[in-house]
Amino acid sequence: MLEIEGIRLGFFCSTQDGKVTTNRKFHLKNLTFERVMEAFEKNLRDFELLLDLSLSLGCGVFRLGSDMVPFASHPNFKREWLRPIEEALVGFSRRLKDYPIRITMHPGQFVVLSSPKEQVLSASLRELEYHFWLLDRLGVGREGVVVVHVGGLFEGKEGALKRFKKVLKEQGWLTERLVVENDERHYTVEDLLRAELPIPIVYDHYHHTLNPSNFQPDEVLSTWGDRVPEFHLSSKPEGRHRFGEHGEWVKREDFLVFLRLFGGRRVDLILEAKAKEKALQRLLTEIKSIGL
DNA sequence: TTCCGTCAAGTCGAT
DNA sequence: ATCGACTTGACGGAA
């Protein structure tokens, strides 16, 4: 297992070329049991291939794609379809134990627990239920976190954070796996710390550079209790790009800055680079050349 | 086989 | 007003 000053690495969802992916899906108008099973079975098979690849690269963490079971939280998805999927997942959970790899998830931007719209909130909760269910069936423990953002500003940060907090209180089950990440626009690490949420904080280094704030590394680490923190690292793309866009690669310098903050602590770091495992390999080559 | 318009969902800011 | 950014581009019909 690769470990650099306590930091373990991982990538997410698919290979760079997209040929191996846990996010296979189809158009909603084609939603049938057969299509769901076809996509799910391929996703599950590729999940194992991605675990093998992660293992061979020395990774200690992998992010499973949210489309593993396509449309699982959609109203048109029939509950009875879950039965055979559940069987396959439980079957796979035995093999999953052979991998010393932490599995986590990060649902889409549609999960907005701070939204004042009742419908947005209920759809978000359904989607989170699906994520938790999937990790439960896979036999993943509490280290299998589900990462979300606070969401929009609406009428102001205070109100949004208040609603976010209220949902966490009312839906106690969320605290079992839910964790919250700083974003590149609104909610800084400091905002999240000051909100005193009952869940851990995911430090995203790129977001922090775009939307900085003051905090002590220990403050963030201590939100994780006895669990190993999951943090994120990516780099700015070369050339013209839109604000917040992630680069193909992770720059060595960005990793070194991250190390200065959290090196020596036990942290799982997901590289959110578009080049996926290739970015991880490139970064490893680059840091090896300077003797790390 | 390749190409390109389209796809469940939220929210925001850049253009 | 529209587009496209976010954790991830893949599907599906046309050429």
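Data block above holds the structure.
What counts, and at which threshold
Note that residues are indexed from 1 along each chain, following the sequence as it is written. The naming scheme follows written order: chains are lettered A onward, ligands numbered 1 onward. Owing to the predicted nature of the model, reporting of local features is limited to residues with pLDDT of at least 70; listing and counting of side-chain atom pairs is limited to 80 or more, with chain, interface and lining totals taken over all residues. Hydrogen atoms and water are omitted, and side-chain values are computed over all heavy atoms in the structure. Two strands are said to pair when DSSP picks up at least two bridges between them. Here a strand is any run of E in DSSP of at least two residues, a helix any run of H or I of at least four, and the numbering for each starts at the N terminus. To get an axis, fit a line to the C-alpha atoms, keeping to the stretch in contact for a helix; angles then go from 0 to 180 degrees between the N-to-C directions. One heavy atom suffices: a residue is near a molecule or strand as soon as one of its heavy atoms comes within 4 Å of it. Any N or O atom pair separated by 3.5 Å or less is treated as a polar contact, with the protein-specific requirement of one donor-capable and one acceptor-capable atom, and with residues adjacent in sequence counted only for side-chain atom pairs. Throughout, the ten residues Ala, Val, Leu, Ile, Met, Phe, Trp, Tyr, Cys and Pro are labelled nonpolar, Asp, Glu, Lys and Arg are labelled charged, and all others, Gly among them, are labelled polar. Buried residues of nine kinds, namely Ala, Val, Leu, Ile, Met, Phe, Trp, Tyr and Cys, make up a nonpolar core once their side-chain atoms join them within 4.5 Å. Only protein chains enter the accessibility calculation, which uses a 1.4 Å probe. A residue is then buried if its area is under 20% of the maximum for its type, exposed if over 50%, and partly exposed in between. By the convention used here, residues are in contact when the closest approach between their heavy atoms is within 4.5 Å. Think of it like this: strands point away, you trace from the first strand over the helix to the second, and a clockwise trace means the crossover is right-handed. Multiplying 1.5 Å by the helix residue count minus one yields the expected span of that helix. Comment: arc refers to directions from the helix axis out to C-beta atoms. By salt bridge we mean one thing: a side-chain nitrogen of Lys or Arg within 4 Å of a carboxyl oxygen of Asp or Glu.

1. Here we look at the sheet that holds strand β7 (residues 230–233)
In a beta sheet, neighbouring strands pair by backbone hydrogen bonds and run either parallel or antiparallel. The sheet built from three strands is open, its strands ordered β1-β8-β7 with parallel pairing. Of all strands in the sheet, those bounded by a partner on one side alone are β1 (7–10) and β7. Pairwise comparison of adjacent strand axes, ignoring direction, gives a mean angle of 30° for this sheet. As paired strands, β1 and strand β8 (residues 267–271) are joined by four bridges and run parallel to one another. Along β8, the bridge assignment pairs Arg8 with Asp268.

2. Points about the protein's contact with DNA strand C
Asn23, Lys25, Gly108, His149 and His207 are the nearest of the 23 residues found near DNA strand C. Each atom of DNA strand C within 4 Å of the protein was assigned to sugar, phosphate or base; sugar and phosphate come to 67%. His149 has a polar side-chain atom sitting 2.6 Å from a phosphate oxygen of DNA strand C. Split by residue class, the surface near DNA strand C holds three nonpolar, 11 polar and nine charged.

3. With respect to the nonpolar core
Ranked by size, the top nonpolar core spans 91 residues in total, and within it Phe47, Val69, Ile103, Leu134, Leu178 and Phe231 carry the most contacts. Tallying contributions element by element places helix α1 (residues 33–57) first for this core, with nine residues. Dropping the residues within four chain positions of it, Leu134 is found in contact with Leu64, Met68, Val69, Leu89 and Met105.

4. Looking at the pairing of β8
For β8, the buried fraction is high: five of the five residues fall into the buried class. Of the two faces of β8, both are covered, the one formed by Val267, Leu269 and Leu271 as well as the one formed by Asp268 and Ile270. Crossover β7 to β8 through helix α8 (residues 252–262) is right-handed.

5. Quick word on the protein's contact with DNA strand B
Looking at DNA strand B, there are 19 residues lining it, with Leu28, Ser115, Lys117, Phe154 and Arg185 nearest. The sugar and phosphate moieties of DNA strand B supply 50% of its atoms located within 4 Å of the protein. In this structure, Ser73 approaches DNA strand B through a side-chain N or O atom, which is 3.5 Å from a base nitrogen. A distance of 3.4 Å separates a base oxygen of DNA strand B from a polar atom in the side chain of Gln109.

6. A word on helix α9 (residues 276–288)
Along its 13 residues, α9 runs 19 Å from first to last C-alpha, staying within 8% of the 18 Å computed at 1.5 Å per residue. Residues Lys276, Glu277, Ala279, Leu280, Leu283, Leu284 and Ile287 constitute the buried set of α9. The buried residues of α9 occupy an angular sector of 155° when the element is viewed end-on, so they sit on one face. On its buried face, α9 sits against β1, α1, α8 and β8.

7. Describing the pattern of salt bridges
Applying the stated criterion across every chain yields a total of 20 salt bridges. Here Glu3 makes a salt bridge to Arg8, at a shortest N to O gap of 3.0 Å. Two residues, Arg95 and Glu48, come together in a salt bridge whose shortest N-O distance is 2.8 Å. With Arg95 in helix α2 (residues 82–96) and Glu48 in helix α1, this pair connects stretches of sequence that are 47 residues apart. We classify Glu48 as buried; its relative accessible area is 19%. One connected set of salt bridges, linked through shared partners, spans Arg35, Glu38 and Lys42.

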